[in-house]
Amino acid sequence: MSSAAWPAVELPGTQARRLRAAANGTGYRVNVWLPPGPPPPAGFPALYVLDGNALFGTFVEAVRRGSRRPDATGIGPAAVIGIAHDGDELFADALRRRDYTPGPPAGEAAPGAVGGAAAFLAFIADELAPLLRSELPLDGTRQTLFGHSLAGFFVLHALAARPQAFRTWAAISPSIWWDPAGLHAALAAALKDAHGPRVFMAVGEWEDAVPPWQREHPGHAQLVARRAQRRMVGNAQALAAALAGWLGPAQVAFRVFPEEDHASILMIAAQRALRFASA
């Protein structure tokens, strides 16, 4: 059988755009999915997902399945907007380091260009979100920003920079090690008088060590040393406690997922973040 007889699979209800940000001149791929059926009077809640080439389809399928039975899942219908660096890479590492960071890492040499977080946030908050709200039935009061790893660090930085830009902030396995003192100080200053932000943070049990399935791989000892220095779990626990103090315990949820590592946590954390955003 010829492969030509097999049409490409597409996600129903999706559309793709390529936009060039005025804030930094960079091209981005933006994928959008709207739930089927009529929107609520105020529009659909909007979930903005960073690293969209890797995670857009994951979230579309999670919302499609979960929102069929909100009574059973706690997940309601929501639009999904995936933001990716233009191109086909799942993770454009060099551009991620530039766009997701406000400056160089603390105690380490900067790995290439860094410090573009302000411009990237301006693109999302001042260009992309208003554009989409002008064209699509989206509820500007129920927006969520989701990021994992260095993108999770960006979510927390964006929370400090513009706490009212989103209603819900989901930072999964955030790379707080990049600048823990700077991030903590920025959040403390921004959130002492903030009202309304809701924060979901999560890490995997094995992120301060090494999971069993990696222990026989080459480089095990170096990975253990690096993780001990970066304190992914400890940093996240401490910052979540501080956030609860600034925003109130009801506004912050923090989870350590057992038997999960930095990469494997994503599928579980996505479902939990969706439920938190739906509340």
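The structure displayed is predicted, hence computed values, not measured ones.

Student: What exactly am I supposed to notice about the packing of aromatic side chains here?
Tutor: Both the distance between ring centres and the angle between the ring planes are used here to describe each pair of aromatic rings. Following the criterion strictly, the structure yields 11 aromatic pairs and no others. Summarising the aromatic geometry, the rings of Y100 and F120 are spaced 5.7 Å apart at their centres and angled 50 degrees between planes, so their arrangement reads as tilted. Placement of Y100 in the loop between α3 (93-99) and α4 (117-135) and of F120 in helix α4 is noted, with a sequence separation of 20 residues between them. When its relative accessible area of 1% is taken as the criterion, Y100 is described as buried. Seen in terms of ring centroids, Y100 and F154 are 5.8 Å apart; in terms of plane orientation they differ by 40 degrees. Their pairing is tilted. Taken together, the residues span a long stretch of sequence, with Y100 in the loop between α3 and α4 and F154 in helix α5 (residues 150-161) at a distance of 54 residues. Aromatic rings pair up to connect Y28, Y100, F120, F123 and F154 into one cluster.

Student: What exactly am I supposed to notice about the environment of G43 here?
Tutor: Looking at where G43 falls in the secondary structure, it is placed in the loop between β2 (27-33) and β3 (44-50). In sequence terms G43 and R133 are 90 residues apart; their C-alpha atoms lie 9.0 Å from each other. Not counting the four nearest positions on each side in its chain, G43 is found in contact with P137, L138 and D139.

Student: When you look at the side chain of H148 in this model, what are you seeing that I'm missing?
Tutor: Positionally, H148 belongs in strand β5 (residues 138-148). Overall, the relative accessible area of 9% leaves H148 in the buried class. Among the polar contacts listed, one links the side chain of H148 to the backbone oxygen of H262, at a separation of 2.7 Å.

Calculation rules
Residues numbered from 1 in each chain as written. Predicted model: local features only at pLDDT ≥ 70, side-chain atom pairs only at ≥ 80, totals over all residues. Heavy atoms only, no water. Phe/Tyr/Trp six-rings, centres within 6.5 Å; stacked < 30°, edge-to-face > 60°. Helix = DSSP H or I, 4+ residues; strand = E, 2+ residues; numbered from the N terminus. Buried < 20%, exposed > 50% of the residue type's maximum accessible area, 1.4 Å probe, protein only. Contact = heavy atoms within 4.5 Å. Polar contact = N/O pair within 3.5 Å; in protein donor to acceptor, adjacent residues only side chain to side chain.

Just geometry here; none of it tells us what the structure is for.
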